[in-house]
Amino acid sequence: MDMQREADGTAIRGLFGSIVEGLRAKDLDAIGRLYSEDVVSFDVEPPLQHVGIDAKLKNWANVFAVFAEVDYELRDLRLTVDESIAFAHGFGRLSGKLKNGAVAEGMWVRATFCLAKSAEEWRIVHDQVSVPFDIATGKGVADLEP
């Protein structure tokens, strides 16, 4: 069983690599293949939840409408893998060149992913992105680094 978990871990890390490649290529079709049809996403932009693949891809389409060039990094990704379910968490940063020519360095956010295995393929069924905030001011803290 340990060999299977290792193989699944490798496959899941490959899935996250494909997300990064899809974002850099601004390829919504490639990104969409990595999520379940009924994915629930707690993303940084309103509303509180985005339900379904169309809602998830709309968020990325909004990013692509603003960025001429997109970069995405994942750091410190940790996996917990079982036979048909897995969890991952780490830090992500979206950055790039905006369509107006400005460079956006981005900020590090906390990211958590839940994945399910169906028909021998892993898909993201839930993700959550969060920004730490200062309790006293109620404002997000965007200058932290992993």
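Because the structure is a prediction, the values reported are computed rather than measured.

Rules used in this analysis
- Residues numbered from 1 in each chain as written.
- Predicted model: local features only at pLDDT ≥ 70, side-chain atom pairs only at ≥ 80, totals over all residues.
- Heavy atoms only, no water.
- Helix = DSSP H or I, 4+ residues; strand = E, 2+ residues; numbered from the N terminus.
- Rg over C-alpha atoms; globule rule 2.2 N^0.38 Å.
- Contact = heavy atoms within 4.5 Å.
- Areas by Shrake-Rupley, 256 points an atom, 1.4 Å probe, with all protein chains shown as cover.
- Lys, Arg positive; Asp, Glu negative; His and termini not counted.
- Charge placed at Lys NZ, Arg CZ, Asp CG, Glu CD.
- Expected span 1.5 Å × (residues − 1).
- Buried < 20%, exposed > 50% of the residue type's maximum accessible area, 1.4 Å probe, protein only.
- Pairing = 2+ DSSP bridges.

It is worth spelling out the overall build of the protein at this point. When its secondary structure is counted, the protein shows three helices and nine strands. Taken from N to C terminus, the helices and strands of the protein fall in the order α-α-β-β-α-β-β-β-β-β-β-β. Computed over C-alpha atoms, the radius of gyration of the protein comes to 16 Å, within 12% of the 15 Å expected from 2.2 N^0.38 for 146 residues, which places it in the range of a compact globule. Projected onto the principal axes, the alpha-carbon positions of the protein cover approximately 50 × 35 × 25 Å. Put simply, 52% of the contacts in the protein that link residues at least 6 apart link residues at least 24 apart. Accessible surface for the protein amounts to roughly 8,700 Å². Of this, 53% is attributable to carbon and sulfur atoms. Side chains of the protein carry 16 positive and 24 negative charges; the gap between the two charge centres is 5 Å.

Taking 1.5 Å per residue, 24 residues should reach 34 Å; helix α1 (residues 2-25) reaches 34 Å between its end C-alpha atoms and fits that length. The complete set of buried residues in α1 reads D8, G9, I12, L15, F16, I19, V20, G22 and L23.

Looking now at the pairing of strand β3 (residues 67-81). With twelve bridges joining them, β3 and strand β4 (residues 85-98) adopt antiparallel strand pairing. Directly across from R75, in β4, lies its bridge partner F91. Following β3, the chain reverses through three residues before pairing antiparallel with β4.

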